[in-house]
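One letter stands for each residue in the lines below.
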Amino acid sequence: MPMPLVLILDPPPMPLPDLEAAELGAGFDIELVPLNASHQVSTATLARADAIINFRGRHKIGEREVNAMTKAQLLVQAGVGYNHIDIDACARRGLAVCNTPDYGTMEVADHALALTLNLVRGISTYNARLLTRDDAWSTDQLAIRPVRRLRDLTFGVVGLGRIGIAAAQRARAFSLDVAFYDPHLPPGVELSLGLHRHDTLRGLLAASDIVSLHCPLTTATTKLIDHAAVAAMKPDAVLINTARGPIIDLDALEAGLRTDRIAAAGLDVLPVEPMERSHPLIKAWTAREPWLEGRLTITPHAAFYTPQSLDDMRRLSARAVADRLSRGKLRSLVNGEELRRYGFGAP
Ligand code: NAI
């Protein structure tokens, strides 16, 4: 009797799937499947799997891939965002999709605050000036646009989920006033958390000095921050994105920064990753154009990353497989609504 096969697609660097094996226990075969040069996986490989763990979002898991998963009982996305997976196509053939939302909540919240503090305290800019200018050790050279007293500012959270709440708590510890916009939370959450709630995005944007995005990427949130949203922000506002790149229209952000409609941005994610250096905003940043000095910080979709969070991501993905295949339980199902719609009961 062959053992159930667990495929690990696009795995992070690991000599052996040791953490996965420990979590799954005996009785499973595990195979690491790197992507091919065109960032795809063969359908014949997918057809052999009883469960699939996918790392990263570098390849689409669309209808073609899903239809090939004829034997699989579960698809696990290692991490939080699953916008690259056609969860509807999975549900049509009764395939449950789970994620691991609890691996890097603290890291991403820390990163959102790190980007905020970096810009509002001018850290990278002082450092860059000191590297090249002898006159930079002088109060005459200190003016950096977004630098302001934190206690006077409002930190506005878009999407008060796990990471949004963790970011809100951290912002409060720095004496910032915290507000949020999240249309999906029940009335009263603002009272239990003691935060100021806005019923419209426009309201939050107009009231916030720092706007930090923590919502998922969906059709509703694609280009949520467009020209109108940038125009609704305060002229000294700082925009932070550790969620997903396409939530911001990069052209709108560029126009907002270039025309001084907003002060600064901290981006861990971009609409196209790795970054497109030909985009006018990235081009100006790469060329260190003076108008952008101190006003844009970019990190390479690294908010989630610590060695510890990566280990947690691996363990929790394997646990989701063990829960399903050994214990008949689903851990963090993301397509329950779609499965019910296609008559697959309430898993
Ligand atoms: P979560 O599901 O706990 O929270 C998301 C919140 O956004 C929910 O409260 C939801 O009601 C809210 N929301 C949904 N649509 C909204 C809308 N139109 N406007 C405002 N709020 C809306 O998710 P979690 O764990 O907090 O993660 C948030 C996002 O962070 C993920 O979707 C993922 O894309 C991103 N992320 C980024 C990482 C990175 O390395 N940069 C790592 C991990 C997650």
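Our subject is the structure listed above.
Figured I'd write up the structure that's included with this text.

Cut-offs used in this document
Residues numbered from 1 in each chain as written. Predicted model: local features only at pLDDT ≥ 70, side-chain atom pairs only at ≥ 80, totals over all residues. Heavy atoms only, no water. Salt bridge = Lys/Arg side-chain N within 4 Å of Asp/Glu carboxyl O. Helix = DSSP H or I, 4+ residues; strand = E, 2+ residues; numbered from the N terminus. Buried < 20%, exposed > 50% of the residue type's maximum accessible area, 1.4 Å probe, protein only. Near = heavy atom within 4 Å. Polar contact = N/O pair within 3.5 Å; in protein donor to acceptor, adjacent residues only side chain to side chain. Areas by Shrake-Rupley, 256 points an atom, 1.4 Å probe, with all protein chains shown as cover. Nonpolar A, V, L, I, M, F, W, Y, C, P; charged D, E, K, R; others polar. Contact = heavy atoms within 4.5 Å. Phe/Tyr/Trp six-rings, centres within 6.5 Å; stacked < 30°, edge-to-face > 60°.

### Examining the pattern of salt bridges
Moving on, step 1. Counted by the stated rule, this structure contains 24 salt bridges.
Moving on, step 2. Among the ionic pairs, Arg314 bridges to Asp18, the shortest N-O distance being 3.1 Å. Pair noted here: Arg314 is in helix H13 (residues 307-327) and Asp18 is in helix H1 (residues 18-24), with a separation of 296 residues, a long-range link.
Moving on, step 3. In this structure Asp18 comes out as partly exposed when scored by relative accessible area, which is 46%.
Moving on, step 4. For Arg48, the salt bridge goes to Glu31, with nearest N and O atoms at 2.9 Å.

### Describing the site of the ligand
Moving on, step 1. Not every one of the 25 residues close to the ligand is listed here, only the nearest: Arg162, Ile163, Asp182, Thr242 and Asp268.
Moving on, step 2. A distance of 3.5 Å separates an oxygen atom of the ligand from a polar atom in the backbone of Gly161.
Moving on, step 3. Arg162 is positioned with one of its side-chain polar atoms (N or O) 2.9 Å from an oxygen atom of the ligand.
Moving on, step 4. Here the ligand, which alone exposes 870 Å², has 88% of that area covered by the protein.
Moving on, step 5. Here the shell around the ligand is built from residues that sort into 14 nonpolar, 7 polar and 4 charged.

### A few points about the environment of Leu195
Moving on, step 1. Structurally, Leu195 can be placed in the loop between helix H8 (189-193) and strand S8 (196-197).
Moving on, step 2. If sequence neighbours within four positions are ignored, Leu195 has contacts with Leu160, Ala168, Arg172, Val178, Phe180 and Glu190.

### Looking at the packing of aromatic side chains
Moving on, step 1. Summed over the entire model, instances satisfying the criterion amount to 2 aromatic pairs.
Moving on, step 2. An angle of 55 degrees between the planes, with centres 6.4 Å apart, marks the rings of Tyr103 and Phe304 as tilted. One end of the pair, Tyr103, is in the loop between strand S5 (96-99) and helix H5 (105-121); the other, Phe304, is in the loop between strand S12 (296-298) and H13, and 201 residues separate them in sequence.
Moving on, step 3. Taking the relative accessible area as the measure of exposure, Tyr103 reaches 9% and is therefore buried.
Moving on, step 4. Ring geometry for Phe304 versus Tyr305: centroids 6.2 Å apart, planes at 80 degrees, classification edge-to-face.
Moving on, step 5. With a relative accessible area of 22%, Phe304 lands in the partly exposed category.
Moving on, step 6. For Tyr305, a relative accessible area of 44% gives the class partly exposed.
Moving on, step 7. Among the aromatic side chains, those forming a connected cluster through ring pairs are Tyr103, Phe304 and Tyr305.

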